[in-house]
Amino acid sequence: MLDFEYHTPTHVVFGKHAVEKTGSLIQELGCKKVLIHYGGGSAKRSGLLDRVAQSLTSAGIDFITLGGVVPNPRLSLVREGIALCQREGVDFILAVGGGSVIDSSKAIGYGLTNEGDVWQYYAKKKTPTACAPVGAILTIAAAGSEMSNSSVITNEDGWLKRGLSSEYSRCKFAIMDPTLTYTLPAYQTASGAADIMMHTMERYFTAVDTPLELTDTLAEGLLRSVMQDVTTALQEPENYEARAGLMWASSLSHNGLMGCGTDGGDWACHQLEHELSGKYDVAHGAGLCAVWSSWARTVMPANPARFAKFAIRVMGVTPGADDIETANCGIDAMEVFFQSIGMPTRINQMGIALTEDDMRELAHKCSFMNTRTIGKFVPLDREAIYEVYKLARA
């Protein structure tokens, strides 16, 4: 195992009626004016925004609102939010929604506290030195942004999707009430669960020869738990225990715990998917499912024992004649599971018919115009990235 640092400063408030604590939490931080940032109309229709507003008002905290966040959140709305906060003197950003809303809120926070255009920081041309305080009221179990140090934004100029990670952006608090996820459509529930799983699987497939056994055991247990809970939640949308399990797994999967003692993980699938959702606006979790098995079959020969361990301990596969046979059975089993919850395992199953030119463009962008490789388990250059897209196409 490798040496590591583990830092999780986010204050978690978990359970029914946790939303009513919003005002007091912000009051404790000494902030005076809040931007309530949210997505579409569901937060309004459900009455959630009214509950948040009442809590803030009771605590004597002024607020303004900005909705309109979409999946794969847009840079244009981030810039609008930055300008609005500057005009209104906002000193706290409250994300009411899922990962996209939280990511957009973090980006606004960066824009308020760092010089120049915020995209320069996502494009890795500048390094942030601060972020305005952000809090989250979670409405979907998926991205884990509520406890992570990362955010991802899509620039409509070129449809480039880029991530930025720094400790400055960790949420001051995360309010998690599983009942807020009861009305999620089945596809969003499944896509969210896939995202949770992939955050752990990206870390599990590490290039470290001897990862920490405890970390492996935690990761394997989380994956099995998510598989069970999402199956239950799809059958019983108001099953509190299943929804609670997914919501807590969302945070634990992406707050660093699942990578302690490793090199941080591979992350090639996330890079592959970012180009897909940046260009075609697909659901992130679904896009990850569509590329995972093709990536896995491409890199597995480099360390079949790791995939065999995953197959046996996560997927329940009976060991085969050798590690390669066992590993392939595990990859097959994961595909079957993704299909069982309505997730794609190929890109064309999302209604995208990739042409040769499309795949070359995606690979070129994913390699940052042929200036980098992706992944650590097996580093993939532009040509190797193209081959994964080709394998995942249909």
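Structure shown above.
Summary of the structure given here. (Residues numbered from 1 in each chain as written. Predicted model: local features only at pLDDT ≥ 70, side-chain atom pairs only at ≥ 80, totals over all residues. Heavy atoms only, no water.)

**Details of the pairing of strand S7 (residues 160–165)**
Piece 1. Summarising the sheet, strand S6 (residues 150–155) and S7 pair through six bridges and their orientation is antiparallel. Bridge pairing links Ser151 to Leu164 in S7. (Pairing = 2+ DSSP bridges. Helix = DSSP H or I, 4+ residues; strand = E, 2+ residues; numbered from the N terminus.)

**Section: the state of the cysteines**
Piece 1. Tallied over the entire structure, the rule returns zero disulfides.
Piece 2. The thiol of Cys131 is not disulfide-bonded; the next cysteine sulfur, from Cys171, is found 8.8 Å away.
Piece 3. What makes Cys131 buried here is its relative accessible area of 14%.
Piece 4. The class of Cys171 is buried, set by a relative accessible area of 2%. (Disulfide = S-S within 2.5 Å. Buried < 20%, exposed > 50% of the residue type's maximum accessible area, 1.4 Å probe, protein only.)

**Remarks on helix H14 (residues 356–366)**
Piece 1. Taken residue by residue, H14 has Asp358, Met359, Leu362, Ala363, Lys365 and Cys366 as its buried positions. The buried residues of H14 occupy one face: seen down the axis, they fall within an arc of 165°.
Piece 2. Each element contacted by the buried residues of H14 is listed here: S7, helix H10 (268–280) and helix H15 (382–393).
Piece 3. Once H14 ends, the next one or two residues include Phe368, with phi positive near 50°. (Arc of directions from axis to C-beta. Contact = heavy atoms within 4.5 Å.)

**Side note on unusual backbone geometry**
Piece 1. The residue Asp281 is not glycine, and still its phi comes out positive at about 60°.
Piece 2. Mapping Asp281 onto the fold places it in the loop between H10 and helix H11 (284–299).
Piece 3. Given the relative accessible area of 41%, Asp281 is considered partly exposed.

**Some points on the packing of H11 against helix H13 (residues 323–340)**
Piece 1. Here H11 crosses H13 at 175°, and the two axes come no closer than 10 Å. Classified by the interaxial angle, the pair formed by H11 and H13 is roughly antiparallel. When H11 is examined against H13, the residues Cys289, Trp292, Ser293, Ala296 and Arg297 are found in contact with a partner set consisting of Ile331, Asp332, Met334, Glu335 and Phe338. (Axes fitted to C-alpha atoms, helices over the stretch in contact; angles between N-to-C directions. Parallel < 35°, antiparallel > 145°, perpendicular 65-115°, else oblique.)

**Considering the nonpolar core**
Piece 1. Among the nonpolar cores identified, the biggest contains 101 residues, and Trp292, Trp295, Phe307, Phe310, Ile347 and Tyr389 are the most heavily contacted of them.
Piece 2. Broken down by element, the residue count for this core peaks at nine residues, all from H11.
Piece 3. Discounting chain neighbours no more than four positions away, the residues touching Tyr389 are Gln271, Leu272, Glu275, Leu276, Ile347, Met359, Leu362, Ala363 and Cys366.
Piece 4. Ala18, Leu48, Val52 and Val96 belong to the second largest nonpolar core, which has 23 residues in total. (Core = buried A, V, L, I, M, F, W, Y, C linked by side-chain atoms within 4.5 Å.)

**Here's the deal with a nonpolar patch on the surface**
Piece 1. Among the surface-exposed residues, Met1, Phe4 and Tyr6 lie close enough to one another that they form a single nonpolar patch of about 310 Å² accessible area.
Piece 2. By the element assignment, Tyr6 lies in the segment before strand S1 (11–14).
Piece 3. Given a relative accessible area of 37%, Tyr6 falls into the partly exposed group. (Patch = residues over 30% accessible without salt bridge, like charges linked within 9 Å, V, L, I, M, F, W, Y side chains within 5 Å. Areas by Shrake-Rupley, 256 points an atom, 1.4 Å probe, with all protein chains shown as cover. Salt bridge = Lys/Arg side-chain N within 4 Å of Asp/Glu carboxyl O.)

**Overview of the side chain of Thr10**
Piece 1. Inspection of the secondary structure puts Thr10 in the segment before S1.
Piece 2. The class for Thr10 is buried, based on a relative accessible area of 8%.
Piece 3. Residue contacts for Thr10: discarding those within four places in its chain leaves Glu146, Met147, Arg170, Cys171, Lys172, Phe173 and Ala174.

**Details of the packing of H10 against H11**
Piece 1. Put simply, H10 and H11 touch, their axes get as near as 9 Å, and they point 125° apart. Classified by the angle their axes make, H10 and H11 are oblique. In this structure, H10 crosses over H11, and the sense of that crossing is right-handed. Residues Ala268, Cys269, His270, Leu272, Glu273, His274 and Leu276 of H10 form the contact with H11, whose own contacting residues are His284, Gly287, Leu288, Val291, Trp292 and Trp295.
Piece 2. Residue composition of the contact of H10 with H11, grouped by class: eight nonpolar, four polar and one charged. (Left-handed = near helix turned anticlockwise from the far one by under 90°. Nonpolar A, V, L, I, M, F, W, Y, C, P; charged D, E, K, R; others polar.)

**Examining the sheet that holds strand S2 (residues 33–38)**
Piece 1. Spatial strand order, S1-S8-S5-S4-S2-S3: six strands in an open sheet with parallel pairing. On the outer flanks of this sheet lie S1 and strand S3 (62–66), each paired with one strand and no other. In this sheet, neighbouring strand axes are inclined to one another by 20° on average, regardless of whether the strands run parallel or antiparallel.
Piece 2. With four bridges connecting them, strand S5 (residues 134–138) and strand S8 (residues 173–176) associate as parallel partners. When the sheet's bridge partners are listed, Ala136 is paired in S8 with Ala174.
Piece 3. Helix H5 (residues 99–113) rests against S2, strand S4 (92–97) and S5 of the sheet, and its axis sits at about 165° to S4.
Piece 4. Contacts from helix H9 (residues 240–254) reach S1, S5 and S8 within the one sheet, and its direction differs from that of S1 by about 175°.

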